[in-house]
Amino acid sequence: MGNSALRAHVETAQKTGVFQLKDRGLTEFPSELQKLTSNLRTIDLSNNKIESLPPMIIGKFTLLKSLSLNNNKLTVLPDELCNLKKLETLSLNNNHLRELPSTFGQLSALKTLSLSGNQLRALPPPLCSLRHLDVLDLSKNQIRSIPDAVGELQVIELNLNQNQISQISVKISCCPRLKVLRLEENCLELSMLPQSILSDSQICLLAVEGNLFEIKKLRELEGYDKYMERFTATKKKFA
């Protein structure tokens, strides 16, 4: 991509606070953006070939609210990313991430986090300290089990579709705001699904198709009627 075209994008972004450069074959984060650290609110560099984020620059976007880097080649995230105290939306779908920085919990304003299609093998512990996180997408990773720490998650919607999950902690029923739980196409036996999800949680939409049991067996479980009450009440609310 020519320098003049990039300059034009930078000039526009200076006025609008939005920098969008998708599908351009970029192999690195544009260094020109360091001129805009104090006025960018949105950056979208999806569908490129970016392998890393520059630690010296990325943490300086103090007003940034939305960062999208879907479909790139990121393998790690720098700790400095976690300095973005106003970041509300972070989309990192379809990269090569195996873990998150231990400081990730410092992204205190984060509301929506998308990590679908990465190489995560476990629920990243720092996510449990994000108090304002509403939507978490961890679908299409390599997660095998959900640990007790999940009970600390504050999310309203948790997408774990298309992982390799065969075990879920009963603590998932303790998530104070969890309404939507997606577990489709995993490796769950019915006996491994905590019944308290049905009888004693806030969950009103449970998606479990494509596991190692028939859905009609789920309907026979104790507590299913309680779940259906919540499901129906929610449906009515949005009808």
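Residues numbered from 1 in each chain as written. Predicted model: local features only at pLDDT ≥ 70, side-chain atom pairs only at ≥ 80, totals over all residues. Heavy atoms only, no water.

S.K.: Quick rundown of the overall build of the protein? Include the residues and the values.
M.R.: Within the protein one finds five helices and 11 strands. Along the first, second and third principal axes, the C-alpha set of the protein runs to 65 × 30 × 30 Å. Classification of the 239 residues of the protein by burial places 47% in the buried group. Of the accessible surface of the protein, which amounts to about 11800 Å², a share of 48% is contributed by carbon and sulfur atoms. Averaging the locations of the 30 positively and 25 negatively charged side chains of the protein gives two centres separated by 5 Å. (Helix = DSSP H or I, 4+ residues; strand = E, 2+ residues; numbered from the N terminus. Buried < 20%, exposed > 50% of the residue type's maximum accessible area, 1.4 Å probe, protein only. Areas by Shrake-Rupley, 256 points an atom, 1.4 Å probe, with all protein chains shown as cover. Lys, Arg positive; Asp, Glu negative; His and termini not counted. Charge placed at Lys NZ, Arg CZ, Asp CG, Glu CD.)

S.K.: Which residues make up helix α1 (residues 3–16), and what values go with them?
M.R.: A rise of 1.5 Å per residue sets the reference length of α1, with its 14 residues, at 20 Å; its end C-alpha atoms lie 20 Å apart and thus fit the reference within 8%. Every buried residue belonging to α1 is among Leu6, Val10 and Ala13, and all of these are buried. The buried residues of α1 all sit within an arc of 60° when viewed along its axis, so they share a single face. For α1, the elements touching its buried residues are β1 (18–20). (Expected span 1.5 Å × (residues − 1). Arc of directions from axis to C-beta. Contact = heavy atoms within 4.5 Å.)

S.K.: So what's going on with the packing of aromatic side chains? Which residues, and what values?
M.R.: In total, this model carries three aromatic pairs according to the counting rule given. Aromatic pair Tyr227 and Phe231: ring centres 6.2 Å apart, planes at 40°, arrangement tilted. Placement of the pair is Tyr227 and Phe231 together in helix α5 (residues 224–238), with a separation of four residues, close to one helical turn. Here Tyr227 falls in the buried class, since its relative accessible area comes to 5%. Residue classification places Phe231 among the partly exposed residues on the basis of a relative accessible area of 23%. An aromatic cluster of three or more residues is present, and its members are Tyr224, Tyr227 and Phe231. (Phe/Tyr/Trp six-rings, centres within 6.5 Å; stacked < 30°, edge-to-face > 60°.)

S.K.: Explain the side chain of Asn211 to me, using residue names and the numbers behind them.
M.R.: Of note, Asn211 is situated in the loop between β11 (205–207) and α4 (215–218). Overall, the relative accessible area of 11% leaves Asn211 in the buried class. One polar contact links the side chain of Asn211 to the main-chain carbonyl oxygen of Leu183, over a distance of 2.9 Å. Polar contacts involving the side chain of Asn211 include one to the main-chain amide nitrogen of Asn186, which spans 3.2 Å. For Asn211, the contacting residues outside a window of four places in its chain are Leu183, Glu184, Glu185, Asn186, Cys187 and Leu188. (Polar contact = N/O pair within 3.5 Å; in protein donor to acceptor, adjacent residues only side chain to side chain.)

S.K.: So what about the sheet that holds strand β2 (residues 42–44)? Which residues, and what values?
M.R.: Taken together, nine strands build an open sheet; the order of strands is β1-β2-β3-β4-β5-β6-β8-β10-β11 and the sheet is parallel. Every other strand in the sheet has two partners, leaving β1 and β11 as the edge strands with one partner each. Adjacent strand axes in the sheet meet at a mean angle of 5°, parallel and antiparallel pairs treated alike. Two strands pair when backbone bridges link them, and β2 and strand β3 (residues 66–68) are joined in this way by three bridges, in the parallel orientation. Along β3, the bridge assignment pairs Asp44 with Ser68. (Pairing = 2+ DSSP bridges. Axes fitted to C-alpha atoms, helices over the stretch in contact; angles between N-to-C directions.)

S.K.: Account for the pattern of salt bridges, with residues named and values stated.
M.R.: It is possible for side chains bearing opposite charge to pair when their charged atoms get close. Enumeration over the complete set of coordinates arrives at five salt bridges. A salt bridge links Glu214 to Lys216, with the nearest nitrogen and oxygen atoms 3.6 Å apart. (Salt bridge = Lys/Arg side-chain N within 4 Å of Asp/Glu carboxyl O.)

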